[in-house]
Amino acid sequence: MPYLGGEEALRELRRALSNPHVQADPARYRGAVLRVIRLMAQGADVSGLFPEMVKAGAVADVLQKKLVSFYVRAQAPRQPQLALLAVNSLRKDCAHPSPAVRGLALRTMCGLRMPGIQEYLQQPLVNGLRDKASYVRRVAVLGCAKMVKLQGDCEVDGALVNELYSLLRDQDPIVVVNCLRALEEILKKEGGVVINKPIAHHLLNRMPDLDQWGQSEVLTFLLRYKPRSEDELFDILNLLDGYLKSSSPSVVMAATKLFLVLAREYPDVQADVLVRVKGPLLSACTSESRELCFTALCHVRQILRSLPGHFSSHYKKFFCSYSEPHYIKCQKMEVLCELVNDENVQQVLEELKGYCTDVSEELAQGAIFAIANIARTYTEQCVGILTELLGLQQEHITSAVVRTFRDLAWLCPQCTDAVCQALPGCEDTIQDSEGKQALIWLLGTHGEKIPNAPYVLEDFVENVKSESFPAVKMELLTALLRLFLARPAECQDMLGRLLYYCIEEEQDMAVRDRGLFYYRLLQSGVEEPSSIQWALWSWELHLTSVCAFISESLVSEGNKEVPEVHPDTLMSEGNKELLKAHPDAGSLSLIPDVSLTAEQFEKTWLSLDTSCQLSLPWCGPVHADTIQTALRVVHIQTIAMSKAGAQPWKAYLSAQDDSGCLFLTELLLEAADSELQVSVKQTEAKPEALQSFISALRTVLEAVAGLES
Amino acid sequence: MAASALFILDLKGKPLISRSYKGDVGLGDIENFLGVLQQREEEGTLTPVLPCGHLHFLWIKHANLYLVATTKKNGNASLVFSFLYKVVEVFCEYFKELEEESVRDNFVIVYELLDELMDFGFPQTTDSKILQEYITQEGKRLEAGGGRVPSTVTNAVSWRSEGICHKKNEVFIDVVEAVNLLVSASGSVVLSEVLGTIRLKVFLSGMPELRLGLNDRVLFELTGRGTNKSVELEDVKFHQCVRLSRFDSDRTISFIPPDGDFELMSYRLHTQVKPLIWIESIIEKFSHSRVEILVKAKGQFKKQSVANGVEISVPVPGDADSPKFKTTAGSARYLPERSALLWSIKTFPGGKEHLLRARFGLPSVRAEEEEGRPPIAVRFEIPYFTVSGLQVRYMKIIEKSGYQALPWVRYITQSGDYQIRTS
C-alpha cells in the first residue's frame, strides 16, 4: 500500500500530532489520532508514530484515550521498548479520578501482551481489585487472569487467589462472575475454581441478579458442587427451578444439565426435568435464529437417545419448512426417525416421503435414509414407500433406495422378498459406484429369488471394461461367484468370462488378485468355496454394508456432537455367525462388562503361571481398533495395548466366565509378518473352559488376521 | 464460554473488524473461514459450527456480513450464538442497520463496543441501553463529564439506571400473537400454533414497581373465578426483571421494568385454532405453453375484525412470462426475482372470500434445472384481536413519588410462519 503507508502521510501525521496548535484544539487533535487509527485498520505500518501517540494519550478526552489504547495494544508486541513509555502514562491514568479512565488504563495495560509487563501490572491490579467503582473491579479481576496467562509457568500468587475468592462476595454481579472466570483460568492446573458449600450457596442466592451469560456460566460452575444431604440437594433444586423457564435457551440448557447431574441418584427427578424442559426446548427449536434452533435440535437428539419417544406427541414440530437451511432439515429428519411410534408413523412417513423428491439431492437421499432407518421397525410400510420411489426413475433416488435395500435385506431378513421383487429395472437408472455396488450385492446374495438376476449381472459383465470403479468390479466378482454357487447353469459361462477379464486384462491389482483367488478356489472344486463362503462373506458384509450404514448416518450428523457409534452392536451379527460356526464356543459363556483395572490385572497376572501358550500366523500391521472391537463382541476386554506399529507389539486382554474364573491373555508380536504369540493364564484350573476360551480367541484373531491380510 | 476472538467479515471473507480477546487466534486463522464454509456448502454438510484444525468457527450471517466467533475450548455453543445475536442487536441499535458500510463508517465505535461487550472472551455489559449511557456516537457527552461511568453498574437492578426522568409517564403494552401454520398439499392442517409476546414501551420516571394482570386460567382457578373467559398459557417465559418466585407462588407478574422498549414475556398456545385466512389453490402447469393459477382466500375470523396488509405470495415457475391477472379484490404483481406472484389486499374483512386468477406463459424450451415446490406464504395483521383471547385486565404502576401514569394497551394478531404447501 504505497500511498496509505507512505512516508509522506506518516510525516504529515507526525507533524500534526506534535503541532502545539493542534494539541490545543481537542477536536483537531482527536481527528489526527483518528486518522492514525484508520491507517492502522487499513493495514498500514504506523509504528513510527508511537511516541507521539503515547503523548496523545495523556489528554483529558476519554475517547482519545480509547483510540490511543487501541493503537498501543496493537503495536506493543512489535516494540516492547517503546511500549514501556506507554506504561508510565497508563499507570498514571490508573489513579485518575474518573472510573472510566481507570478501567480503560487497566484494561490497556493488561492487554499489552509483552514480556516483562507483569512487574508493572501487579500494583495497579491490586489497587483495581479494591477500587470503589465496580467498573474498574470488573476489569481488574479479569486482568488478574490475563496477567497469570502472560506469566506462563510461574507460581500462582496465593494472596491474589485469596483476594479473588473474597471478591466472590462483591456487590456487583459481573464482578462475581468475572471472579469465577478468572479463578478458573488461574487455577487451571489445580482443576479450576473450588466450589465449596458457602460459595455454592452464595452463588445460588446471587443468581437472580446475574445476566443470562452469568447465569448460564454459574450454573456450569455449580456442576462441581456435591450437596451433602438429600435435603440440601432438594433445596438447591427448588432454588433453581425457575431457570428451567428462562427466556434464554443457554440458561435453560445449563439448568437442565445441572439438574440432571445433581439428581444423578433420583431417576424420577431426572425424568421429571426432561418432561419440563420439553416446552422450552421445543420453542427453541422453532426459534428465529437458525443457529440456536440447530443447537436445540442437537439437544433434542441427545435427550431422545436416553429417552426414546420423549417428543413423540410433538412430532409435527419437527416437520421441515421450505426455507430452512439444510443442516436444520437434516437434524429434523434424524429426530423424526427417533420419535416414531405406532400412532404417528403414518404421518411421519407421509412427511418424509414428501422430502424424498426434494430438489436438493443430499436432502432427498437423507430423507430416503431416514425412511430406511424407520424401516427397521416398520418394515412393511417403509419398503412400500421406498419401492414406490423407484418408480420415479431418478438416478439419485434409485441409487439411495437400492443402498437402503441392501442394508435392509441384511438387517431385516423378513423383507428380502419384497426387496427382491422391487429390484428389476433399477439397473438402468443407477450410475454411481455406491448404488451399483449395492445392486450387485443384492443380485448376488439373493439371486435365487430374482429370476432375471443372471441377466442383469451379465450386462455388468459385458460392460466391465468400461467400468471405472474398481470397487464395483470387486463386488461383481463376489456376487457372480455367489450366484454361480446358487444357479450354476446360468452363470458358469459369464463367470468364466469375468474371471478371464480380471486375470488377463484388469489393471487394478486388488481386482486382479481377487479374481485369481476365486479362480484358484474354484479349481479346488465347487464344494470348497461353498464352505468357505460363510466366514468370508460375513466379514465382507460387516465391512461393506454395515460400515456404509454407519458412514451414511454420519454424513448427516452435525459436528456439534460427535455421534457415538457402537460398532459392537452393529458388528455383532456378522461375528456371531462366525462364532456360531465354531462348535466349541458354545460350552463357554463369558460375562460382558467385566471391570478389571490395570493394577488388578497386573497383580493377578504376576501371581499366576501360564496355562497355555500358542502361536498364530500373522502378517501385515496390526489394527488395534479392529481387534479391540472384534474381541469385545465375544466379551473379551482389552486392558492395555501398544500403539499401532510399535515393535514388539503387545496387548493384554481379560475375560471372565459365568463361574467367576478369569482368563488373562497376553498377545505378543515381535515384528510385523511374524507369528503372534498368545499366552493365557487362568485363575482356576479348568482345562475344558480354557480350551473353549482359546478356540474362541483364536477364531477372532484368525478372522481379524484374515481380514487384514 | 470463552470465545477467543470475534471477527466481522464481508461476504468475500475479508475481515473488516477483528478483535482478539485472548491473543491465541490470529488473522491468519480467519482467512481459512470462507474456504471451509464454501467447501462444506459444496459437500452439503454446512453447519453453524465449523471445525478447522485446532479451532472451531461459530458463525452467523447478518445482511452482507459474517459474524464469526472462534473458540479453542469445548465452549457452550448456544451461549456463543446468543452472544453473537446480542452483538447484532446492540450494533443495530447504534447504527440502525448493521451492514458492511455502517461497520466501515463506525469502526471506532465498533471497537469501543466490542471492548465493553466482551473481555478476555467473557461477555460483560451487553445491555444496549446501559451501553448507550456511556458510549455515544459523538463522544461529546463524555468530554463534558470528564468521563462519567455508568452509574448502573453499581445498581442492585442491573437493567435500569437510577434517576430516569420523563415528562409524561406512560406505558404502552403490545400484545402480539403470531400464528404459525403449515397446511399440507392435500389441504389438511399439519401444524398450527400461536406464539404470543407482550412487549412494553416504558416511559416512567424513577424506580416504578409494575404489576400486570392477565386473564390467565391458572390464576382464575386459583382465585376461584369462572374459567370461561380465561386463557391457558403454556411455556411462559419472562424478561429477567420479572420476579419468578412470585409468579410461581401466586401467578402475579410483578417487576421493575427497564426503560424503553423490551419484551416482557412470551408464551405459546398449542390448542388448534381455525386457520385465520384459508387458502385453496389450483396450479395447473401445461408444459411448454402456460401456467394457470386459481387462488381462493377466505377470512375465517370474526366479521367485525379486519385483516390489514394481506399479502399472498404464490410460487410460479422461474421461466414464466407475460403474466395476466384477474382479482375480486386487491392487486396482483409478478415478482420475477422471487419467482412468485404477490397478491396484496389492503383490507380483508372477516367472513369474506376473494378470488385470484392468473395466467403465465411458459417458454417452449424447458429449463434444465429442476425447481422445488415452494409453498404459498401468507402475511397479514389483524388489529384489536388476539387469537387466544388473552386480555390485559390491569396494569398497576406504583412509584414512591406517587405520580399518575397511563397504561395503553394494543392487541395485534399477525402471521408468523404461515405456509400452504403446493403440489
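Residues numbered from 1 in each chain as written. Chains lettered and ligands numbered in written order. Predicted model: local features only at pLDDT ≥ 70, side-chain atom pairs only at ≥ 80, totals over all residues. Heavy atoms only, no water.

- An unreviewed UniProt entry annotates chain A as AP-4 complex subunit beta-1 originating from Lonchura striata.
- On record in UniProt, under Subcellular location (unreviewed entry), the comment for chain A is "Golgi apparatus, trans-Golgi network membrane".
- In its Sequence similarities (unreviewed entry) section, the UniProt record describing chain A reads: "Belongs to the adaptor complexes large subunit family." (UniProt positions renumbered as here; feature names shortened; annotations may be inferred.)

### Details of the overall build of chain B
Inference 1: Along the backbone of chain B there are 8 helices and 23 strands.
Inference 2: Principal-axis analysis of the C-alpha atoms places the extent of chain B at approximately 75 × 65 × 40 Å.
Inference 3: Classification of the 423 residues of chain B by burial places 54% in the buried group.
Inference 4: Relative to all contacts within chain B whose residues are 6 or more apart in sequence, the contacts with residues 24 or more apart total 68%. (Helix = DSSP H or I, 4+ residues; strand = E, 2+ residues; numbered from the N terminus. Buried < 20%, exposed > 50% of the residue type's maximum accessible area, 1.4 Å probe, protein only. Contact = heavy atoms within 4.5 Å.)

### Quick word on the interface of chain B and chain A
Inference 1: Contact with chain B, which involves 78 residues of that partner, is made by 76 residues of chain A.
Inference 2: Carbon and sulfur atoms make up 55% of the area that chain B and chain A hide from each other, which totals about 6,500 Å².
Inference 3: Here chain B and chain A share 11 salt bridges between them.
Inference 4: A salt bridge links Lys66(A) to Glu112(B); its shortest N-O distance comes to 2.9 Å.
Inference 5: At the surface where chain B touches chain A, the tally comes to 25 residue pairs in polar contact (both at pLDDT 80 or more).
Inference 6: When the residues that make up the side of chain B that touches chain A are grouped by side-chain class, the tally is 33 nonpolar, 20 polar and 25 charged. (Buried area = accessible area lost by both parts, 1.4 Å probe. Salt bridge = Lys/Arg side-chain N within 4 Å of Asp/Glu carboxyl O. Polar contact = N/O pair within 3.5 Å; in protein donor to acceptor, adjacent residues only side chain to side chain. Nonpolar A, V, L, I, M, F, W, Y, C, P; charged D, E, K, R; others polar.)

### Comments concerning the sheet that holds strand S23 (residues 406–420) of chain B
Residues and elements named next belong to chain B.
Inference 1: If you trace the 9 strands from one edge of the open sheet to the other, you get S11-S13-S9-S8-S23-S21-S16-S19-S18, paired in mixed fashion. Whereas interior strands pair on both sides, the edge strands pair on one side only; in this sheet they are strand S11 (234–238) and strand S18 (331–335). This sheet shows a mean twist of 15 degrees between the axes of neighbouring strands, independent of strand direction.
Inference 2: Sheet topology note: the strand S16 (residues 306–315)/strand S21 (residues 376–383) ladder contains 4 bridges and is antiparallel. The residue bridging Ser313 from the neighbouring strand is Ala377, located in S21. (Pairing = 2+ DSSP bridges. Axes fitted to C-alpha atoms, helices over the stretch in contact; angles between N-to-C directions.)

### A look at unusual backbone geometry
Residue and element names in this part refer to chain B.
Inference 1: Of note in this structure, Lys96 is not a glycine but carries a positive phi near 70 degrees.
Inference 2: Tracing the sequence through the fold places Lys96 in the loop between helix H2 (77–95) and helix H3 (100–105).
Inference 3: Assessed through its relative accessible area of 75%, Lys96 is described here as exposed.
Inference 4: Positive phi outside glycine occurs at Phe120, with the angle close to 55 degrees.
Inference 5: Here Phe120 is to be found in the loop between strand S6 (118–119) and strand S7 (122–123).

### Describing the pattern of salt bridges
Pairing between side chains becomes possible if they bear opposite charge and their charged atoms approach one another.
Inference 1: If you walk through the whole model with that rule in mind, you get 56 salt bridges over all chains.
Inference 2: Its salt-bridge partner being Glu185(A), residue Lys188(A) comes within 3.9 Å of it at the nearest N-O pair.
Inference 3: Ionic pairing is found between Arg301(A) and Glu338(A), a salt bridge with its closest N-O pair at 3.9 Å. Pair noted here: Arg301(A) is in helix H18 (residues 290–306) and Glu338(A) is in helix H19 (residues 326–338), with a separation of 37 residues, a long-range link.
Inference 4: Residue Arg301(A) is classed as buried on the basis of its relative accessible area, which comes to 2%.
Inference 5: Salt bridges sharing partners connect three or more residues here, namely Arg73(A), Arg107(A), Lys146(A), Arg19(B), Asp115(B), Glu116(B) and Asp119(B).

### What about the nonpolar core?
Inference 1: Core analysis: the biggest nonpolar cluster contains 238 residues, and Tyr71(A), Ile195(A), Phe318(A), Ile374(A) and Phe405(A) have the highest contact counts within it.
Inference 2: Sorting elements by how many residues they give to this core places H2(B) first, with 12 residues.
Inference 3: Of all hydrophobic cores here, the second largest spans 71 residues; its members include Val179(B), Val194(B), Leu210(B) and Ala358(B). (Core = buried A, V, L, I, M, F, W, Y, C linked by side-chain atoms within 4.5 Å.)

### With respect to the packing of H18(A) against H2(B)
Inference 1: At a closest axis distance of 9 Å, the pairing of H18(A) and H2(B) adopts a crossing angle of 170 degrees. Comparing the axis directions of H18(A) and H2(B) gives the class roughly antiparallel. Note that H18(A) runs across H2(B); the crossing there is left-handed. From H18(A), Arg290(A), Glu291(A), Leu292(A) and Thr295(A) reach across to H2(B), where they touch Ala77(B), Ser78(B), Phe81(B), Ser82(B) and Tyr85(B).
Inference 2: Across the contact of H18(A) with H2(B), the residue classes break down as 4 nonpolar, 3 polar and 2 charged. (Parallel < 35°, antiparallel > 145°, perpendicular 65-115°, else oblique. Left-handed = near helix turned anticlockwise from the far one by under 90°.)

### Here we look at the packing of aromatic side chains
Inference 1: Using the criterion set out here, one finds 23 aromatic pairs over all chains in the structure.
Inference 2: Considering the side-chain rings of Phe311(A) and Phe318(A), the 6.1 Å spacing of their centres and the 85 degrees angle between planes classify their relative orientation as edge-to-face. Residue Phe311(A) shares its accessibility class with Phe318(A), and that shared class is buried.
Inference 3: Ring geometry for Phe33(B) and Trp59(B): centres 6.3 Å apart, planes at 65 degrees, overall edge-to-face. On the criterion of sequence distance, the pair formed by Phe33(B) in helix H1 (residues 27–43) and Trp59(B) in strand S4 (residues 55–62) is long-range, its members being 26 residues apart. Summarising the burial analysis for this pair, Phe33(B) and Trp59(B) share the class buried.
Inference 4: Ring pairing ties together the aromatic residues Phe33(B), Phe57(B), Trp59(B) and Tyr66(B), which thus form one cluster.
Inference 5: The positively charged end of Lys681(A) is found above the aromatic ring belonging to Trp605(A), 4.0 Å away from the centroid.
Inference 6: Directly above the ring of Phe120(B) sits Lys22(B), whose terminal nitrogen or CZ lies 4.7 Å from the centroid. (Phe/Tyr/Trp six-rings, centres within 6.5 Å; stacked < 30°, edge-to-face > 60°. Lys NZ or Arg CZ within 6 Å of the ring centre and 35° of its normal.)

### Concerning the side chain of Arg160(B)
Residues and elements named next belong to chain B.
Inference 1: Within the fold, Arg160 resides in the loop between helix H6 (140–145) and strand S8 (170–183).
Inference 2: Among buried charged residues, Arg160 stands out as having no salt bridge; its nearest opposite-charge side chain is Asp259, 4.2 Å away.
Inference 3: Here the side chain of Arg160 touches Leu204 through a polar contact of 2.8 Å, landing on its backbone oxygen. (Lys, Arg positive; Asp, Glu negative; His and termini not counted.)

### Examining the environment of Leu117(B)
All names here are of chain B.
Inference 1: Counting through the fold element by element, Leu117 comes out in helix H4 (residues 107–117).
Inference 2: Separated by 31 residues in sequence, Leu117 and Lys86 have C-alpha atoms that sit 9.3 Å apart.
Inference 3: Apart from residues no more than four positions distant in its own chain, Leu117 is found in contact with Phe83, Val87, Val90, Phe122, Pro123, Gln124, Thr125, Thr126 and Leu131.

### Some remarks on the sheet that holds S4(B)
Residues and elements named next belong to chain B.
Inference 1: Strand order across the open sheet formed by 5 strands is S2-S1-S5-S4-S3, with antiparallel pairing between neighbours. Whereas interior strands pair on both sides, the edge strands pair on one side only; in this sheet they are strand S2 (15–20) and strand S3 (49–52). Strand-to-strand twist in this sheet, taken as the mean axis angle between neighbours without regard to direction, amounts to 20 degrees.
Inference 2: Where S4 meets strand S5 (residues 65–71), 7 bridges bridge the pair, whose relative direction is antiparallel. By the bridge assignment, Leu58 is partnered in S5 with Ala69.
Inference 3: Along the sheet face, H1 touches strand S1 (5–10), S2, S3, S4 and S5 and points at about 120 degrees away from the line of S3.

### Quick notes on the side chain of Arg137(A)
Inference 1: Tracing the sequence through the fold places Arg137(A) in helix H9 (residues 134–151).
Inference 2: In this structure Arg137(A) touches Gly128(A), Leu129(A), Asp131(A), Lys132(A), Leu167(A), Asp170(A), Asp172(A) and Val175(A), once residues within four positions along its chain are discounted.

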